[in-house]
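For reference, the chains in residue letters:
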Amino acid sequence: TILLRLSRIRGINWYIGLIGTSLSLAFTFLIYPAIGDSGHAILDPDLHGPLGFGIWKFHTFSYYPTPELASSRGPLYPTFIAGLLALTDGWWPYSVQLAQCILFGLLCVLVFWTAKTLWNTSLAVLAAGLCAVDPFLIWYTSRILVETLMTFLFTALVASVVLVKQRPTPWTALLVGLIIGLSVMTKSIYTPFLVLTPLLLLLPFGKRLTPALAAIILISGILVVTPWTIRNGRVTGIFAPEVGRTGFTLHQGNDFVEDFGRAPFSISALNT
């Protein structure tokens, strides 16, 4: 079969990742500029860009050009943006879009590894190939939205859990905890994973983790999140990874479903 032949190509995972990066680059820099305005596709609807500029220019977590400290977003994605702005001397938004296209390619490689580890190389080619041509994932690479980074981190979390089940060592457990912590620092909806992941890994499915390794996952994840939680507590009086927008995505999702008949592709028209 075609999948079997493709699976025998040396480095096929990287070729698939390159295809994903190339498709996302073509969409981001050729197609999106032509359809963005007519499709009501706001480049940075969540204002992560101003946060990135605030970190870069003011060295504070604030919405540039206002220096007032913010707490309504997780800090990882704005820090990611700030780092790219610093590296490219403010090449906005193209530096972020380019980085997200590369990150999408790496996502395809990560999907390949996970599928190959769980099943076989042929299914890994199929899974990674479908990921590389997924229009929904490619759509997000063109805009300043947290989803590209978040999808990569969630896939990395799944891959790290697979790894720790295969090789239950303190280092792999530490890796799982760090990825969970980074995920929470990107979007607070992943906070329950801090506790749920080590608890579920104690269940007798596959290689059961020892309580010590589960504790490493829990503690390392908490250690990543705690400094920012304390910072938010000092700024707002509320100790949480994000303060002010918790539950917004759930509410917005309900609105999208309720009004799908009137606005099937974008709810932006409902806000006018």
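Everything here concerns the structure above.
These numbers were taken from a predicted model, which means no experiment stands behind them.

*Asks:* For the overall build of the protein, give the residues involved together with the corresponding values.
*Replies:* Helix and strand counts for the protein come out as twelve helices and zero strands. Computed over its C-alpha atoms, the radius of gyration of the protein comes to 20 Å, within 12% of the 19 Å expected for a compact globule of 272 residues. Dimensions of the protein, computed from the C-alpha atoms along their principal axes, are close to 50 × 45 × 45 Å. Here the protein holds 272 residues, and 43% of them are scored as buried. Excluding contacts between residues fewer than 6 apart, the proportion of contacts in the protein whose partners are at least 24 apart in sequence is 64%. As displayed, the protein has an accessible area near 14,700 Å², and 70% of this comes from carbon and sulfur atoms. Distance between charge centres in the protein, computed from 16 positive and 11 negative side chains, equals 19 Å.

*Asks:* Break down the nonpolar core for me, with residues and values.
*Replies:* With 38 residues, the main nonpolar core has Tyr77, Ile180 and Ile217 as its most contacted residues. Secondary-structure elements contributing two or more residues to this core are helix H3 (48-58), helix H4 (76-88), helix H5 (94-118), helix H8 (147-166), helix H9 (170-186), helix H10 (193-201) and helix H11 (211-236). When residues of this core are assigned to their parent elements, the largest contribution, seven residues, is made by H8. Sequence-distant contacts of Ile217, defined by excluding residues within four places in its chain, comprise Ala173, Val176, Gly177, Ile180, Pro198, Leu201 and Leu209. Of all hydrophobic cores here, the second largest spans 17 residues; its members include Tyr32, Ala41, Ala124 and Ile138.

*Asks:* Run through a nonpolar patch on the surface, naming residues and quoting values.
*Replies:* Side chains of Ile19, Leu23, Leu118, Trp119, Leu123, Leu126, Leu130 and Val133 sit close together on the surface and give an oily, nonpolar patch of about 750 Å² of accessible area. Put simply, the parts of the chain that give the nonpolar patch at least two residues each are helix H2 (12-35) and helix H6 (121-132). Note that Leu118 resides in helix H5. For Leu118, a relative accessible area of 45% translates into the label partly exposed.

*Asks:* Provide a residue-level description of the packing of H10 against H11, including the pertinent values.
*Replies:* It is at 8 Å that the axes of H10 and H11 come closest, and there the two elements cross at 170°. Here H10 lies roughly antiparallel to H11, going by the angle between them. Contacts from Leu194, Val195, Pro198 and Leu201 of H10 reach H11 at Ala214, Ile217, Leu218, Gly221, Ile222 and Val225. Looking at the contact of H10 with H11 residue by residue, the class counts come to nine nonpolar, one polar and no charged.

*Asks:* Account for the pattern of salt bridges, with residues named and values stated.
*Replies:* In the structure shown here, the tally under the stated rule is one salt bridge. Residues Arg73 and Asp46 are paired through a salt bridge, measuring 3.6 Å at the closest nitrogen-oxygen approach. Of this pair, Arg73 sits in the loop between H3 and H4 while Asp46 is found in the loop between H2 and H3, placing the two residues 27 residues apart along the sequence.

*Asks:* Would you mind going over the packing of H5 against H8 in detail, with residue names and values included?
*Replies:* The geometry of H5 relative to H8 is characterised by a closest axis approach of 9 Å and an angle of 25° between their N-to-C directions. Classified by the angle their axes make, H5 and H8 are roughly parallel. The hand of the H5/H8 crossing is left-handed. Contacts from Gln100, Leu103, Leu106, Leu107, Leu110, Val111, Trp113, Thr114, Thr117 and Leu118 of H5 reach H8 at Thr148, Leu149, Thr151, Phe152, Thr155, Ala156, Val158, Ala159, Val162, Leu163 and Gln166. Among the residues making up the contact of H5 with H8, the classes are represented as 14 nonpolar, seven polar and no charged.

*Asks:* Give a detailed account of the packing of aromatic side chains, specifying residues and quantitative values.
*Replies:* The geometry of an aromatic ring pair is captured by the separation of the ring centres together with the interplanar angle, meaning the angle of the planes. According to the stated counting rule, one finds 13 aromatic pairs in the structure shown. Plain terms: the ring middles of Phe29 and Tyr94 are 6.4 Å apart, the flat faces sit at 35° to each other, and that makes the pair tilted. Of this pair, Phe29 sits in helix H2 while Tyr94 is found in helix H5, placing the two residues 65 residues apart along the sequence. Measuring from centroid to centroid gives 5.4 Å for Tyr190 and Phe193, while their planes differ by 50°, and the two rings are tilted.

*Asks:* Residue-level account of H9, with values.
*Replies:* Given 3.6 residues to a turn, an α-helix orients residues that are three or four positions apart in the same direction. For H9, with 17 residues, the first-to-last C-alpha span of 24 Å sits near the 24 Å given by 1.5 Å per residue. Listing the buried residues of H9 in full gives Thr172, Ala173, Val176, Gly177, Ile179, Ile180, Gly181, Ser183, Val184, Met185 and Thr186. The inward-facing, buried residues of H9 contact H4, H8, H10 and H11.

*Asks:* Report on the environment of Thr155, specifying residues and quantitative values.
*Replies:* Relative to the elements of secondary structure, Thr155 occurs in helix H8. Put simply, Thr155 and Phe53 are 102 residues apart on the chain and 28 Å apart in space, counted from C-alpha to C-alpha. With residues near it in sequence (within four places) discarded, Thr155 still touches Leu107, Leu110 and Val111.

Parameters at a glance
- Residues numbered from 1 in each chain as written.
- Predicted model: local features only at pLDDT ≥ 70, side-chain atom pairs only at ≥ 80, totals over all residues.
- Heavy atoms only, no water.
- Helix = DSSP H or I, 4+ residues; strand = E, 2+ residues; numbered from the N terminus.
- Rg over C-alpha atoms; globule rule 2.2 N^0.38 Å.
- Buried < 20%, exposed > 50% of the residue type's maximum accessible area, 1.4 Å probe, protein only.
- Contact = heavy atoms within 4.5 Å.
- Areas by Shrake-Rupley, 256 points an atom, 1.4 Å probe, with all protein chains shown as cover.
- Lys, Arg positive; Asp, Glu negative; His and termini not counted.
- Charge placed at Lys NZ, Arg CZ, Asp CG, Glu CD.
- Core = buried A, V, L, I, M, F, W, Y, C linked by side-chain atoms within 4.5 Å.
- Patch = residues over 30% accessible without salt bridge, like charges linked within 9 Å, V, L, I, M, F, W, Y side chains within 5 Å.
- Salt bridge = Lys/Arg side-chain N within 4 Å of Asp/Glu carboxyl O.
- Axes fitted to C-alpha atoms, helices over the stretch in contact; angles between N-to-C directions.
- Parallel < 35°, antiparallel > 145°, perpendicular 65-115°, else oblique.
- Nonpolar A, V, L, I, M, F, W, Y, C, P; charged D, E, K, R; others polar.
- Left-handed = near helix turned anticlockwise from the far one by under 90°.
- Phe/Tyr/Trp six-rings, centres within 6.5 Å; stacked < 30°, edge-to-face > 60°.
- Expected span 1.5 Å × (residues − 1).

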